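If you want the building blocks of each chain, they are given just below.
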2 protein chains.
Amino acid sequence: MSISGRPQAPAMTNPRADRVREVARLAGRPARLKRRQFLAEGPQAVREALRLHGLRGASGGQEVVTELFATGAALERNPDIAALADGPGLPAARLVTDEVLAEMSSTVTPQGLIAVCRFIDVSLESVLAARPTLLAVLVEVRDPGNAGTILRAADSAGADAVILTASSVDLYNPKAVRSTAGSLFHLPVVLGADRDELLAALREHSLTVLAADGYGDVDLDALQDESSARRLAGAGPAGGAAGDRARLEEPTAWLFGNEAQGLPADLVEAAGHRVAVPIYGQAESLNVGTAATVCLYASARAQRRTPPDASTA
Amino acid sequence: MSISGRPQAPAMTNPRADRVREVARLAGRPARLKRRQFLAEGPQAVREALRLHGLRGASGGQEVVTELFATGAALERNPDIAALADGPGLPAARLVTDEVLAEMSSTVTPQGLIAVCRFIDVSLESVLAARPTLLAVLVEVRDPGNAGTILRAADSAGADAVILTASSVDLYNPKAVRSTAGSLFHLPVVLGADRDELLAALREHSLTVLAADGYGDVDLDALQDESSARRLAGAGPAGGAAGDRARLEEPTAWLFGNEAQGLPADLVEAAGHRVAVPIYGQAESLNVGTAATVCLYASARAQRRTPPDASTA
């Protein structure tokens, strides 16, 4: 399949070519860090990468996609991606054979599309300067699937950004990228944040810091009840008696911890509020992705967030 | 390590023994169906299997664990499991070498413990006879990890049972068992339910049937707001004006659909209520496990469920 309006480079057919190996190497962290690039694989991730590229291009921001590789069959199956790739400011899609694509890809089912992307993470300062009201902070989350799932949940709940501390999993890991289901390209992400500096910065920007902690002394459902009661009583966020209780309707940063160890004790202490998702059955604990989802949605609801295009809801 | 008070069979050392192969074969569906047995692997699943076995034994119910295989190191690391296995009515743990255990196991990291368990699913009739107020129904969910995660979330939210329709993934698949993190042994599970019969039975037992559907016309947050408002206004479940709107505080069965296709259209139609988890960001959709978690917790909260042992909360 040809891509209209562009001169076509010949299809890449040699799976052992240097260029193919260079792309494949981005599945590994050393190559990613050296080149400050990562892989978006499959139609969903590639589509969102191209969209972000287009948005940034329109606002004079840095480009996202530096190279796009596709099999002819994948472009036929995804005409919208073929059209996006044909847009201004984008590198033309390079046609590759199935063998070449399989060699480049880290997945068993690469679905015919790979984009090489520049790192897209942003600085903590830029996130805080935008006056966020809902942040998800991942502290030493180690499983790429969990990190990706939380990022996707944060996107769904309308969070303003996701922050990963240093020693968390690399979000540019192909499995993490895949688990975000495209959400990686939807909201700002801060990587490698220093724990202590982060906490100080969150405070400075008047964010309530809530530590999600299975052993927490504050029940999330109680906080939701209090928030509902305030709203129905007509008290705005500033109304009601001042107190030590966290208010879900206020600008909030949630801290989510490691799968096995949870959050470090000193960080829980420093957060000031330890909030537990109640367990109504016999389960010992919640998966961190599940807990994060429930917490972020509770905040979204209390803050009366609205879908991006309410008219189509 | 010896297990006190029991004559010890000699450790199994031959990874090619017939008995080892028979256990390993339970990773496959044909052997499971033929023998009506499945594998619980690792300390968490084995512990919960033994506990359920003990509970059932005390109430004269059918035994759960028919055989228990353990390395000496695993029993040393998990003295509580060694003690449980030493309880009355349990088959003594059979010591095996690491090689034997690795051969029996379907996982890369078997952690030294495998229990052969009888099928523990129950009939739909028995579940409905217990007058459930919160049910999770999985309709053609295909991924074992998703099914396991939803079961774990249902356990956390205090659901009374989980029902899988025919053509859903086999919940006794080792990956599904693992994803439940022990919850498989916590609440009743119905397998292979017929879609149409199920829906009729749910209705007959006065359960409100809510179809979780990304394209639903009813917003879950709106239902939660209405429920909160009724509660704060002092209207009980029976109070307020009758209407067509679903009420989260009423006995509810949630339907969750296939990862790619969602719920079948005829089932959504029959359910009567199509409820969407709102998306406040740019995510296209929610993972079915994430959506199920948010829905089940919304019901748990509206129904004012309480943790099993509130005094320790």
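The structure presented is a predicted model; accordingly, all values stated were derived computationally and were not measured.

## Here's the deal with the packing of aromatic side chains
Scanning all chains against the criterion turns up twelve aromatic pairs over all chains. Ring centres of Tyr297 of chain A and Tyr280 of chain B lie 6.2 Å apart, and the angle between their planes is 45°; on these two criteria the pair is classed as tilted. On the criterion of chain membership, the pair formed by Tyr297 of chain A in helix α13 (residues 288-302) and Tyr280 of chain B in the loop between β11 (273-276) and α13 (288-302) is interchain, its members lying in two chains. The same class applies to Tyr297 of chain A and to Tyr280 of chain B, which are both buried. Ring centres 4.3 Å apart and planes at 15° place the aromatic pair Phe119 of chain B and Tyr172 of chain B in the stacked group. A residue pair is termed long-range when its members are at least 10 positions apart, and Phe119 of chain B in the loop between β4 (113-118) and α7 (124-129) and Tyr172 of chain B in the loop between β6 (161-165) and α9 (174-179) qualify at 53 residues. Across the pair, exposure class does not vary: Phe119 of chain B and Tyr172 of chain B are buried alike.

## Description of the interface of chain B and chain A
Listed as interface residues are 39 residues of chain B and, on the opposing side, 39 residues of chain A. Here chain B packs against chain A, burying approximately 3,300 Å² in sum over the two surfaces, 53% of which is carbon and sulfur. Among the residues chain B hides against chain A, the three largest losses belong to Tyr280, Tyr297 and Arg301 of chain B. Together they make up 21% of the total. Inspection of the region where chain B meets chain A yields six salt bridges. We note a salt bridge from Arg231 of chain B to Asp225 of chain A, for which the minimum N-O separation is 3.1 Å. Here chain B is connected to chain A by 22 residue pairs in polar contact (both at pLDDT 80 or more).

## Side note on the sheet that holds strand β11 (residues 273-276) of chain A
Residue and element names in this part refer to chain A. Read across the open sheet, the seven strands follow the order β7-β6-β5-β10-β8-β11-β9; overall the sheet is parallel. Sheet topology places β7 (189-193) and β9 (218-219) at the edges, where each strand pairs with a single neighbour. Inspection of the sheet shows strand β8 (residues 208-212) paired to β11 by three bridges, in the parallel sense. Bridged to Ala212 within β11 is Val275. Those strands touched by helix α10 (residues 195-204) are β5 (134-138), β6 (161-165), β7, β8 and β10 (252-256), and its axis lies near 145° from that of β6.

## A closer look at the UniProt feature "domain: RNA 2-O ribose methyltransferase substrate binding" (unreviewed entry) in chain A
Mapped onto this structure's residue numbering, the UniProt feature "domain: RNA 2-O ribose methyltransferase substrate binding" (unreviewed entry) falls at residues 39-123 of chain A. In this annotation, residues 39-123 of chain A is assigned 44% helix and 20% strand; the end-to-end C-alpha distance for the span is 21 Å.

## Concerning the pairing of strand β1 (residues 37-41) of chain A
Residues and elements named next belong to chain A. Counting buried residues in β1 gives five out of five residues, a clear majority hidden from the surface. In β1, alternate side chains face the same way, and those of Gln37, Leu39 and Glu41 on one face and Phe38 and Ala40 on the other are all buried. As defined by bridge partners, β1 adjoins strand β4 (residues 113-118) across five bridges and the pair is classed as antiparallel. Bridging across to β4, Ala40 finds its partner in Ala115.

## Some words on the nonpolar core
Membership of the largest hydrophobic core comes to 140 residues, with the highest contact counts inside it found for Phe185 and Trp254 of chain A together with Phe185, Trp254 and Phe256 of chain B. Setting aside its immediate chain neighbours within four residues, Phe185 of chain B contacts Phe38, Ala40, Ala45, Glu48, Ala49, Leu52, Val64, Cys117 and Ile120 of chain B.

## Let's talk about the pattern of salt bridges
Residue and element names in this part refer to chain A. Scanning all chains against the criterion turns up 34 salt bridges over all chains. Across the pair Asp170 and Arg29 runs a salt bridge whose closest N-O atoms are separated by 3.0 Å. Residue Asp170 is found in the loop between β6 and α9 (174-179), and its partner Arg29 is found in helix α2 (residues 29-35); the two are separated by 141 residues along the sequence. Judged by its relative accessible area of 12%, Asp170 falls in the buried class. A single salt-bridge network, built from bridges that share partners, covers Glu140, Arg142, Arg195 and Asp266.

## Some thoughts on the relation of the copies chain B and chain A
Overlay of chain B on chain A (RMSD 0.0 Å): rotation 180°, translation along the axis 0.0 Å. Taken together, the turn and the small shift mark the pair as related by a two-fold rotation axis. In this assembly the copies share their binding face: 100% of the residues contributing to the interface of chain B also contribute to that of chain A.

## A look at the sheet that holds strand β3 (residues 94-95) of chain A
What links the strands of a sheet is backbone hydrogen bonding, and the strands pair in either a parallel or an antiparallel sense. The strand order across the open sheet built from four strands is β1-β4-β2-β3 (chain A), with neighbouring strands paired in mixed fashion. Of all the strands in the sheet, the pair left with one neighbour each is β1 and β3 of chain A.

## Observations concerning the domain arrangement of chain A
All names here are of chain A. According to the domain assignment, chain A contains domain 1 (18-118) and domain 2 (124-312). The gap between the C-alpha centroids of domain 1 and domain 2 is 31 Å. With 16 residues of domain 1 in contact, the opposing surface of domain 2 contributes eleven residues. In total, about 1,100 Å² of surface goes out of reach between domain 1 and domain 2, with carbon and sulfur atoms giving 64% of it.

## Considering the packing of helix α11 (residues 220-232) of chain A against α13 of chain A
All names here are of chain A. Their axes nearest at 10 Å, the elements α11 and α13 cross at an angle of 5°. When the axes of α11 and α13 are compared, the pair comes out roughly parallel. Residues Leu220, Gln224, Ser227 and Ser228 of α11 touch α13, and the partners they reach there are Val294, Cys295, Ala298, Arg301 and Ala302. Partitioned by chemical class, the residues of the contact of α11 with α13 number five nonpolar, three polar and one charged.

Rules behind the numbers
- Residues numbered from 1 in each chain as written.
- Chains lettered and ligands numbered in written order.
- Predicted model: local features only at pLDDT ≥ 70, side-chain atom pairs only at ≥ 80, totals over all residues.
- Heavy atoms only, no water.
- Phe/Tyr/Trp six-rings, centres within 6.5 Å; stacked < 30°, edge-to-face > 60°.
- Helix = DSSP H or I, 4+ residues; strand = E, 2+ residues; numbered from the N terminus.
- Buried < 20%, exposed > 50% of the residue type's maximum accessible area, 1.4 Å probe, protein only.
- Contact = heavy atoms within 4.5 Å.
- Buried area = accessible area lost by both parts, 1.4 Å probe.
- Salt bridge = Lys/Arg side-chain N within 4 Å of Asp/Glu carboxyl O.
- Polar contact = N/O pair within 3.5 Å; in protein donor to acceptor, adjacent residues only side chain to side chain.
- Pairing = 2+ DSSP bridges.
- Axes fitted to C-alpha atoms, helices over the stretch in contact; angles between N-to-C directions.
- UniProt positions renumbered as here; feature names shortened; annotations may be inferred.
- Core = buried A, V, L, I, M, F, W, Y, C linked by side-chain atoms within 4.5 Å.
- Least-squares fit on C-alpha atoms with pLDDT ≥ 70 in both.
- Domains from an automatic or database assignment.
- Parallel < 35°, antiparallel > 145°, perpendicular 65-115°, else oblique.
- Nonpolar A, V, L, I, M, F, W, Y, C, P; charged D, E, K, R; others polar.

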